[in-house]
Amino acid sequence: MPSETVKLTASFKLDGSIPESLFSTYREVLGQLLDHACAKEVTSFKRLKAEKYHELRVKYSSLPSHYIYTACQMACSIYRSFRKLKRKGLVKAGKPTFKKQVIMLDDHLFSLNLEGWEASIATGDGRTTLKLLHGTYHEKFKGMRVGQAWLVKDKDGFYLKVVFSKTVEVVGSNGVAVAVDINENNVAFGSVECVRNIKTGERAIRTAYFLKRRKLQSKPRLNEKPLLAKYSGRERRRVEDIYHKAANQVIAAAKEAKASVVVMEKLKNIREKKKRIKAMNGRLNRWSFRRLQNIIEYKARLSGLTVVYLNAKNTSSLCPTCGDKISPNGYRRMRCLSCGLEEDRDVIAVKNLLQRYQTDVGASPVHPENPPMKGGGEV
Ligand SMILES: [Zn+2]
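Quick caveat, the model's predicted, so the values are computed rather than measured.

Trainee: Just checking my understanding: could you explain the packing of aromatic side chains for this structure?
Mentor: Here a ring pair, both rings aromatic, is described through the centre-centre distance and the interplanar angle of the planes. Throughout the structure, instances matching the rule amount to 6 aromatic pairs. Note on Phe12 and Trp117: the rings are 6.3 Å apart at their centroids and 55° apart in plane angle, and the pair reads as tilted. Note that Phe12 is positioned in strand S1 (residues 3-15) and Trp117 in the loop between strand S3 (110-113) and strand S4 (118-123), a separation of 105 residues in sequence. Each member of the pair Phe12 and Trp117 is classed as buried. Sitting above the plane of the Tyr53 ring, Lys49 keeps its charged end 5.5 Å from the centroid. Above the face of the Tyr209 ring, Lys212 is positioned so that its terminal group lies 4.9 Å from the ring centre.

Quick look at the structure:
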């Protein structure tokens, strides 16, 4: 059976802090590497390391040497993407700079203990052990391989972003697909035989928190920021929970249908495409379509399923049976005047996606070695 390596990034908030000096020293090292890479046009990690590693090791002797190593890796990739953008005329600056509080860690610089939910990180003064704040969704990482990580400082604190990987057996391509149509308040999914439509209730949650926030902001008081942050954290966790449950149902449906493929719609320009009134826009922007797709995608890939994104143009306005234009017929119902088909519009969208998959992709199956979406979605 063919296999595939699935990569996922987990973000853990650290309970505690990392010395500021580690971030400032690392930024300094990175800055010098970027200056050198830019002046000498070095794009290869090997060459950058050969030219700068020893000098920087001596200069920053209290810093564990692997930080210099990972800074070389970061400097190379930053300089390479800078050159790319420069060639396209997309940057004005003469040289790349890096201002984010991010440190790249390799396996010498950190270790994880997911039984005790702890991370040990090398600093200038030995190793420091910090508790990982985790959720139930982090449980799945316990059996996975640990790759590199990033230590990130933002306004809420310190985070450890770890890349995990797992080798999964890919379900052989059999032409059977399950399609997913995501909407603001429901998710429709299924195979040719059976389409289900589950209500997520996301709109009610979003609206309730939107009103709560607006009420708080209309009466400015002292210390309203922590309260706003608390609300947005709760809102995010409630919506995440809904997303994970919906995604689990999609995967269960795919397994039941013995499908090898999950088809979703390409959502690229959804926000620009839909011109809506301002208040509506605010809500739609917070509604994270892509987030739910990401969750469905990684769960699908962990189950050995292939994920395909297709252009969803007209999927809710054409008849899946005869291909003619269909018209609204009551609340979220559509009716085809040519063949008489009458169906829920989300069910129609799923059927059209499935059909599009059969005509566009079904003829030339996507090889598991070459999945349409590479890399890991953030979890
Ligand atoms: Zn029709």
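Now that the structure has been shown, we can carry on.
Trainee: Just checking my understanding: could you explain the coordination of the zinc ion for this structure?
Mentor: Angles between donor atoms at a metal ideally measure 109.5 degrees for a four-coordinate tetrahedral arrangement and either 90 or 180 degrees for a six-coordinate octahedral one. Summarising the metal site, the zinc ion is bound by the protein donors Cys319 (SG), Cys322 (SG), Cys336 (SG) and Cys339 (SG), whose distances to it range over 2.3 Å. One can describe the site at the zinc ion as tetrahedral: its 4 donor atoms subtend angles covering 101 to 120° at the metal. We note that the donor set of the zinc ion lies within a single chain, spaced as C-x2-C-x13-C-x2-C. Linking Cys319 in the loop between strand S12 (306-310) and strand S13 (326-328) with Cys339 in the loop between strand S14 (333-336) and strand S15 (342-344), this pair joins segments that are 20 residues apart in sequence.

Trainee: Explain the packing of helix H2 (residues 45-59) against helix H3 (residues 65-87) here, please?
Mentor: Angle between the axes and distance between the axes: these two values describe a pair of packed helices. One way to put it is that H2 packs onto H3 with a least axis distance of 10 Å and a crossing angle of 140°. Along this stretch, H2 crosses H3, giving a crossing that reads as right-handed. For the pair formed by H2 and H3, the contact residues are Phe45, Leu48, Lys49, Tyr53, Leu56 and Arg57 on the first element and Ser65, Ile68, Tyr69, Cys72, Gln73, Ala75 and Cys76 on the second. The residue makeup of the contact of H2 with H3, split by class, is 9 nonpolar, 2 polar and 2 charged.

Trainee: Just checking my understanding: could you explain the sheet that holds strand S11 (residues 261-265) for this structure?
Mentor: Strands in a sheet are paired, the pairing made by backbone hydrogen bonds, and the direction either parallel or antiparallel. The strand order S10-S9-S8-S11-S12 describes an open sheet built from 5 strands, whose pairing is mixed. The strands lining the two open edges of the sheet, one partner per strand, are strand S10 (195-199) and S12. For this sheet, the mean angle separating the axes of adjacent strands, direction not counted, is 20°. As paired strands, strand S8 (residues 177-182) and S11 are joined by 4 bridges and run parallel to one another.

Trainee: Looking at this structure, I do not really get the pairing of S10. What am I missing?
Mentor: Residues in a regular strand project their side chains so that they alternate between the two faces of the sheet. As paired elements, strand S9 (residues 186-190) and S10 share 5 bridges and run antiparallel to each other. Counterpart to Phe189 in the pairing with S10 is Arg196. Count of turn residues in the S9/S10 antiparallel hairpin: 4 residues.

Trainee: What am I meant to see in the nonpolar core here?
Mentor: Nonpolar side chains in soluble globular proteins generally cluster together in the buried interior. Judged by nonpolar contacts, the single largest core of 86 residues is most densely connected at Leu151 and Leu160. No other element matches helix H5 (residues 224-256), which puts 11 residues into this core. By size, the runner-up hydrophobic cluster in this structure holds 12 residues, among which are Ala179, Val261, Leu354 and Val361.

Trainee: I keep staring at the pattern of salt bridges and nothing clicks. Help me out?
Mentor: Pairing is possible between side chains that carry opposite charge, provided their charged atoms lie close to one another. Counted by the stated rule, this structure contains 18 salt bridges. The salt bridge partner of Glu4 is Arg301, with a shortest N-O separation of 2.8 Å. Taken as a pair, Glu4 in strand S1 and Arg301 in helix H8 (residues 289-302) lie far apart in primary sequence, 297 residues in all. In terms of burial, Glu4 and Arg301 fall into one category: buried. Residues Lys95 and Asp35 are paired through a salt bridge, measuring 3.0 Å at the closest nitrogen-oxygen approach. Note that Lys95 is positioned in the loop between H3 and strand S2 (102-105) and Asp35 in helix H1 (residues 20-40), a separation of 60 residues in sequence. Residue Lys95 is classed as partly exposed on the basis of its relative accessible area of 40%. Its relative accessible area of 34% is what places Asp35 among the partly exposed residues.

Trainee: Where do I start with H3 in this structure?
Mentor: The terminal C-alpha atoms of H3, which comprises 23 residues, lie 34 Å apart, in line with the 33 Å expected from a rise of 1.5 Å per residue. Every buried residue of H3 is accounted for by Tyr67, Ile68, Thr70, Ala71, Cys72, Met74, Ala75, Cys76, Ile78, Tyr79 and Phe82. In the core, the buried residues of H3 are packed alongside H1, H2, S2 and S4. Backbone geometry just after H3 places Gly89 at a positive phi near 75°.

Trainee: When you look at a positive patch on the surface in this model, what are you seeing that I'm missing?
Mentor: Positive charge collects at one region of the surface, where Lys212, Lys230, Arg234, Arg236, Arg237 and Arg238 lie side by side. For Arg234, the position within the fold is in helix H5. Using a relative accessible area of 36% as the deciding quantity, one classes Arg234 as partly exposed.

Trainee: I keep staring at the sheet that holds S14 and nothing clicks. Help me out?
Mentor: Spatial strand order, S13-S14-S15: 3 strands in an open sheet with antiparallel pairing. Taken across any chain shown, the strands that pair with only one partner, and hence form the sheet edges, are S13 and S15. This sheet shows a mean twist of 30° between the axes of neighbouring strands, independent of strand direction. Judged from the 3 bridges that link them, S13 and S14 form a sheet pairing that is antiparallel. Residue pairing for S14: Pro328 is matched across the bridge by Met334. Where helix H9 (residues 345-361) meets the sheet, it contacts S13, S14 and S15, and its direction lies at approximately 95° from that of S15.

Each value, and the rule that gives it
Residues numbered from 1 in each chain as written. Predicted model: local features only at pLDDT ≥ 70, side-chain atom pairs only at ≥ 80, totals over all residues. Heavy atoms only, no water. Phe/Tyr/Trp six-rings, centres within 6.5 Å; stacked < 30°, edge-to-face > 60°. Helix = DSSP H or I, 4+ residues; strand = E, 2+ residues; numbered from the N terminus. Buried < 20%, exposed > 50% of the residue type's maximum accessible area, 1.4 Å probe, protein only. Lys NZ or Arg CZ within 6 Å of the ring centre and 35° of its normal. Donors = N, O, S within 2.8 Å, 3.2 Å for Na, K, Ca; no water. Tetrahedral: all angles 85-135°; square planar, octahedral: opposite > 155°, others 65-115°. Axes fitted to C-alpha atoms, helices over the stretch in contact; angles between N-to-C directions. Left-handed = near helix turned anticlockwise from the far one by under 90°. Contact = heavy atoms within 4.5 Å. Nonpolar A, V, L, I, M, F, W, Y, C, P; charged D, E, K, R; others polar. Pairing = 2+ DSSP bridges. Core = buried A, V, L, I, M, F, W, Y, C linked by side-chain atoms within 4.5 Å. Salt bridge = Lys/Arg side-chain N within 4 Å of Asp/Glu carboxyl O. Expected span 1.5 Å × (residues − 1). Patch = residues over 30% accessible without salt bridge, like charges linked within 9 Å, V, L, I, M, F, W, Y side chains within 5 Å. Areas by Shrake-Rupley, 256 points an atom, 1.4 Å probe, with all protein chains shown as cover. Lys, Arg positive; Asp, Glu negative; His and termini not counted. Charge placed at Lys NZ, Arg CZ, Asp CG, Glu CD.

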